[in-house]
Each structure stands twice: as structure tokens, then as C-alpha cells.
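If you want the building blocks of each chain, they are given just below.
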Amino acid sequence: MKTIYLIGFMGAGKSTIASLLGKQMGLPVIELDDYIEKAEGMSIPDIFAARGETGFRDAETEHLASLPAEGYIVSTGGGVVTRQANRDIMDKGVVVFLNVSFETVTQRLQDDQQRPLWRADSSDKYKIFLERQPLYQQMAHITIAVDDQTPSEIVELVAARLG
Ligand code: S3P
């Protein structure tokens, strides 16, 4: 089976769903942000601080490209869709878009400090959200609206769509 990539904005629940889906399908899960942190020996906020967003995106593309194209579930970071190279890699697998509203993200993340791009002004964050929505939609092979569903309901929906 082709690798399954979970995409969606920060706070969509990609990590939670990847972990549950991995258990249900008996597939190993790779959390791309964790993978980058281990490989680079730095936290995501430290990579942003030292190398800027571009440096982080370079590392993200490099490590995404190094992952197996078959047999894994990959939970990506919310900005992975912003680069064409990343979109080309993921399009060879199965792309599952967890579609969350900006209101839900705001409730879930509140004053989260682990995500450098969530520290921006609210209007800037909303701008990023709006810019990315069409990219997620274009990439998605499967789209699941997640606002009003529990993690186990979402996993059931994804599994049913995967066949
Ligand atoms: C980012 C999302 C984060 C992480 C980094 C950048 C983004 O991952 O990759 O802080 O650009 O949206 P999550 O979507 O898991 O929060």
C-alpha cells in the first residue's frame, strides 16, 4: 500500500489521527516534525530561530523526500503543502486532508508556544490559513471535515474511504 500522508492546518489533529490510524491499520507512523527534530538535533522553534522559515522548509523537504513511498502513515506539518516539491512527493501516495475551521484551531491552540507561526498576530494567522486552504483542497485525495467529530469517528471515516 502507498504511504498515506495526513495534511491540514496546525491543530487539525494530524498526529492524533495518524497514531490511531496506524494502530487500526497495523502500519508504522512517522511524525514528520519529530523526525526533523531528531535528524537535525534541534527543536522546531530552534530551527526557525537559527535558520528562519526557509531553513525549516528546506529541512522539511529534504526529510520528507527521504521517507518510504510505501507502507507508512506520515503525519506532516501544516505548511508542507506550500512547496511544489513536497506536493509532488505526496501526490505519489494517498493524501488525506483533515479539514478544520479556523475557529476550532484557535480554540485548540490558544497561546501555544511550540509552533513559531502560531505566535503571529491573529490576522496574519488567518491570512496563512486562507492561503493554504486551496492548497490542501487541491492536494487531497480524501477530505474529512473534523470539527464536529471525535478522533475515533474520524479514523473510521478515513479507513472506510481508504477501502
Ligand atoms: C507549521 C506547522 C507545524 C510545524 C511548524 C510549521 C506550519 O506542524 O511543522 O511549526 O507552517 O503550519 P503542525 O501542523 O503539526 O503544528
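The rules behind these values
Residues numbered from 1 in each chain as written. Predicted model: local features only at pLDDT ≥ 70, side-chain atom pairs only at ≥ 80, totals over all residues. Heavy atoms only, no water. Pairing = 2+ DSSP bridges. Helix = DSSP H or I, 4+ residues; strand = E, 2+ residues; numbered from the N terminus. Axes fitted to C-alpha atoms, helices over the stretch in contact; angles between N-to-C directions. Contact = heavy atoms within 4.5 Å. Core = buried A, V, L, I, M, F, W, Y, C linked by side-chain atoms within 4.5 Å. Buried < 20%, exposed > 50% of the residue type's maximum accessible area, 1.4 Å probe, protein only. Near = heavy atom within 4 Å. Polar contact = N/O pair within 3.5 Å; in protein donor to acceptor, adjacent residues only side chain to side chain. Areas by Shrake-Rupley, 256 points an atom, 1.4 Å probe, with all protein chains shown as cover. Nonpolar A, V, L, I, M, F, W, Y, C, P; charged D, E, K, R; others polar. Parallel < 35°, antiparallel > 145°, perpendicular 65-115°, else oblique. Left-handed = near helix turned anticlockwise from the far one by under 90°. Expected span 1.5 Å × (residues − 1). Bend = angle between axes of the 7 residues up to and from the residue. Phe/Tyr/Trp six-rings, centres within 6.5 Å; stacked < 30°, edge-to-face > 60°. Lys NZ or Arg CZ within 6 Å of the ring centre and 35° of its normal.

Visitor: Can you lay out the sheet that holds strand β3 (residues 73-75) for me, pointing to particular residues and giving the numbers?
Guide: What the five strands build is an open sheet, ordered β2-β3-β1-β4-β5; its pairing is parallel. Strands with a single pairing partner mark the edges of an open sheet, and in this sheet they are β2 (29-31) and β5 (142-145). If you compare each strand with its neighbour and ignore which way they point, the axes differ by 20° on average. Pairing of strand β4 (residues 94-99) with β5 involves four bridges; the strand directions are parallel. Counted as the bridge partner of V96 is I142 from β5. In the packing of helix α6 (residues 122-139) onto the sheet, contacts are made with β1 (4-7) and β4, and the angle to β4 comes to roughly 140°.

Visitor: So what's going on with the nonpolar core? Which residues, and what values?
Guide: I7, F9, V81, M90 and L98 are the most contacted members of the largest nonpolar core, which totals 49 residues. For this core, the element with the highest residue contribution is helix α3 (residues 44-66), accounting for six residues.

Visitor: So, the site of the ligand: which residues are in play, and what are the values?
Guide: In the vicinity of the ligand lie 13 residues, with K14, R57, G78, R115 and R132 positioned nearest. Within the contact set of the ligand, an oxygen atom lies 2.8 Å away from a backbone nitrogen or oxygen of G78. One nitrogen or oxygen atom from the main chain of G79 is found 3.3 Å from an oxygen atom belonging to the ligand. A total of 380 Å² of accessible area belongs to the ligand in isolation, and the protein chains cover 96% of it. For the shell around the ligand, the residue count by class is five nonpolar, three polar and five charged.

Visitor: Let's hear about the environment of S101: which residues, and what values?
Guide: Turning to its location among the elements, S101 is positioned in the loop between β4 and α5 (102-109). Considering only alpha carbons, one finds S101 and R51, 50 residues apart in sequence, at a separation of 30 Å. Those residues within four positions of S101 in sequence are excluded, and the remaining contacts are F129 and D147. In this structure the side chain of S101 is engaged in a polar contact, spanning 2.5 Å, whose partner is the side chain of D147.

Visitor: Quick rundown of the packing of α3 against helix α4 (residues 84-91)? Include the residues and the values.
Guide: One way to put it is that α3 packs onto α4 with a least axis distance of 10 Å and a crossing angle of 15°. What the angle tells us is that α3 and α4 run roughly parallel. Here α3 runs over α4; the crossing is left-handed. In contact with E60, T61, L64 and A65 of α3, α4 contributes A85, N86, I89 and M90.

Visitor: Describe α6, naming the residues involved and giving the relevant values.
Guide: Over its 18 residues, α6 runs 26 Å from end to end, which matches the ideal 26 Å to within 8%, given 1.5 Å per residue. At R132, α6 shows its strongest bend, of approximately 30°, with the proline P134 following within four residues. When α6 is considered as a whole, its buried residues turn out to be K125, I128, F129, R132, Q133, L135, Y136 and M139. Elements that come into contact with the buried residues of α6 comprise β1, α3, α4, β4 and α5.

Visitor: Would you mind going over the packing of aromatic side chains in detail, with residue names and values included?
Guide: Scanning the entire structure with this criterion turns up seven aromatic pairs. Relative to Y136, the ring of F97 has its centre 5.2 Å away and its plane inclined at 25°; by these criteria the two rings are stacked. One end of the pair, F97, is in strand β4; the other, Y136, is in helix α6, and 39 residues separate them in sequence. Per residue, the accessibility class of F97 equals that of Y136, and both read buried. Of the aromatic side chains, those joined through ring pairs into one cluster are F9, F102, W118, Y126 and F129. Over the ring of W118 we find K125, and its NZ or CZ is 4.0 Å from the ring centre.

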